[in-house]
Amino acid sequence: MSKTSLHGPILLTGGYGGLGSALADRLDGSKEVVRVGRQKAAQYQCDLTDATAVACMISHICPSRVIHFAAATDVDLCEDNPHYAWMNNVLATRNLVEAIIDTAPETSVFFASTDQVYSGVGEHMELNISPVNVYGLTKLWAEEYIQRLSNHLVFRMNFFGVTKSGGVSVLDWLANSAGLGRKITLFDDVLFNPLHANDLIETILLALDQRLTGLFNVGASDGGVSKADFLIMAAQLCNIDVKSFRRGSVDDMGFAAVRPKDMRMNVDRLQVALGVKLPSLSLTLKNLVK
């Protein structure tokens, strides 16, 4: 007989990354949050690629909700080591899903996916999937496991505004590069519509509060922009000298993984489902600078 999970805590995987830490801070005090990580200092230490360990964790905690942020997100590392990508993006997710089905089937699950499941010409609707690299493929594969659960919510997203502990923000990187006169290439052939992390977290919390289920794009509401334009506008708003920056193509960088060039997402379905207007790119930029 399965345990009930209607009144259990919130289990947060990837709880010590940038986005996970920011969300944990917002959830703190509203309900018990159990932050999961591999490090010894984690509130709950668990290797998600270990099916037995995951099953024990779900059985022991019996969460009312799982928020699954943990993932391998280094696109080039995933390309160079597909097994690593599969272990951390697919197997870890499968282990969670199977443990929930076996032990706590009432549990709701939120899964953080990516706009890198798209390629070709945007703005992409949710069904227009076409990953071009291992990272995007493994995230899409993980989505399929999540959707085996009756109570699931998947957000495909891109965001700015948080870093891991000790990390360097994108604006720090731009300012440091400009100060050193370092010539950096900004991609004018890669299009996207990111949100600021704070706005993303607010959207996640609203969706969870409304008990939204399904799969949705989440991003800025007014189309999209090239990464070059986005970063140059951000730099200018911060009075960063952009003379040493150059526009170029992602194809010239020699990355291990192919990058999709148009990841712009249509976010109409989510806006209708939540009854809100998502922030614009100009607001995203202002929040990033702030």
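This text gives an overview of the structure that appears in the document.

What to know about the overall build of the chain
Next up, step 1: Scanning the chain from terminus to terminus reveals 10 helices and 13 strands.
Next up, step 2: By the compact-globule yardstick of 19 Å for 290 residues, the chain fits well, its C-alpha radius of gyration being 19 Å.
Next up, step 3: Taken along the three principal axes of its C-alpha coordinates, the chain extends 65 × 40 × 35 Å.
Next up, step 4: Here the chain, with 290 residues, has 55% of them falling under the buried criterion.
Next up, step 5: On the chain, roughly 13,200 Å² of surface is accessible, and the fraction owed to carbon and sulfur atoms is 51%.

Some thoughts on the sheet that holds strand β4 (residues 65-68)
Next up, step 1: Spatially, β3-β2-β1-β4-β5-β6-β11 is the arrangement adopted by the 7 strands of the open sheet, whose pairing is parallel. Among the strands making up the open sheet, the edge pair consists of β3 (44-45) and β11 (214-218).
Next up, step 2: Examined bridge by bridge, strand β1 (residues 10-13) and strand β2 (residues 33-37) share 4 bridges and lie parallel to one another. Residue pairing for β2: Leu11 is matched across the bridge by Val34.
Next up, step 3: Of the strands in this sheet, β1, β4 and β5 (108-114) are in contact with helix α4 (residues 82-103), which crosses β4 at around 175°.
Next up, step 4: Helix α5 (residues 134-146) rests against β5, β6 (152-157) and β11 of the sheet, and its axis sits at about 165° to β5.

Section: the side chain of Asn133
Next up, step 1: Within the secondary structure, Asn133 sits in the loop between β5 and α5.
Next up, step 2: On the accessibility criterion, Asn133 (5% relative accessible area) is buried.
Next up, step 3: Within the local environment of Asn133, its side chain forms a polar contact with the side chain of Gln116, the two groups lying 2.8 Å apart.
Next up, step 4: Looking at Asn133, its side chain comes within polar contact range of the main-chain nitrogen of Gly136, at 2.7 Å.
Next up, step 5: Excluding anything up to four places from it in sequence, Asn133 contacts Val75, Glu79, Gln116, Ala257, Val258 and Pro260.

Describing the packing of helix α1 (residues 18-27) against helix α7 (residues 197-209)
Axes are the key here: two packed helices are described by the angle between their axes and the distance separating the axes.
Next up, step 1: With their axes 10 Å apart at the nearest point, α1 and α7 run at an angle of 55° to one another. With respect to each other, α1 and α7 are oriented oblique. Seen from above, α1 lies across α7 with right-handed handedness. Contacts from Leu19, Ala22, Leu23, Arg26 and Leu27 in α1 reach Ala197, Leu200, Ile201, Glu202 and Leu205 in α7.

Quick look at the side chain of Asn193
Next up, step 1: Mapped onto the fold, Asn193 is located in the loop between β9 (191-192) and β10 (195-196).
Next up, step 2: Residue classification places Asn193 among the buried positions, given a relative accessible area of 1%.
Next up, step 3: Of the polar contacts made by the side chain of Asn193, one reaches the backbone oxygen of Ala220; its length is 2.9 Å.
Next up, step 4: Polar contacts involving the side chain of Asn193 include one to the main-chain amide nitrogen of Met265, which spans 3.0 Å.
Next up, step 5: Those residues in contact with Asn193, other than ones at most four positions away along the chain, are Gly219, Ala220, Gly223, Gly224, Met263, Arg264, Met265, Val267 and Leu281.

With respect to unusual backbone geometry
Next up, step 1: For the bond running from Gly122 to Glu123, omega is 10°, close enough to zero to count as cis.
Next up, step 2: Considering the arrangement of structural elements, one finds Glu123 in the loop between β5 and α5.
Next up, step 3: A positive phi angle, near 55°, is found at Arg211, a position not held by glycine.
Next up, step 4: Here Arg211 lies in the loop between α7 and β11.
Next up, step 5: Given a relative accessible area of 69%, Arg211 falls into the exposed group.
Next up, step 6: Backbone geometry at Asn239 places phi at a positive 60°, although glycine is not the residue there.

Rules of the game
Residues numbered from 1 in each chain as written. Predicted model: local features only at pLDDT ≥ 70, side-chain atom pairs only at ≥ 80, totals over all residues. Heavy atoms only, no water. Helix = DSSP H or I, 4+ residues; strand = E, 2+ residues; numbered from the N terminus. Rg over C-alpha atoms; globule rule 2.2 N^0.38 Å. Buried < 20%, exposed > 50% of the residue type's maximum accessible area, 1.4 Å probe, protein only. Areas by Shrake-Rupley, 256 points an atom, 1.4 Å probe, with all protein chains shown as cover. Pairing = 2+ DSSP bridges. Contact = heavy atoms within 4.5 Å. Axes fitted to C-alpha atoms, helices over the stretch in contact; angles between N-to-C directions. Polar contact = N/O pair within 3.5 Å; in protein donor to acceptor, adjacent residues only side chain to side chain. Parallel < 35°, antiparallel > 145°, perpendicular 65-115°, else oblique. Left-handed = near helix turned anticlockwise from the far one by under 90°.

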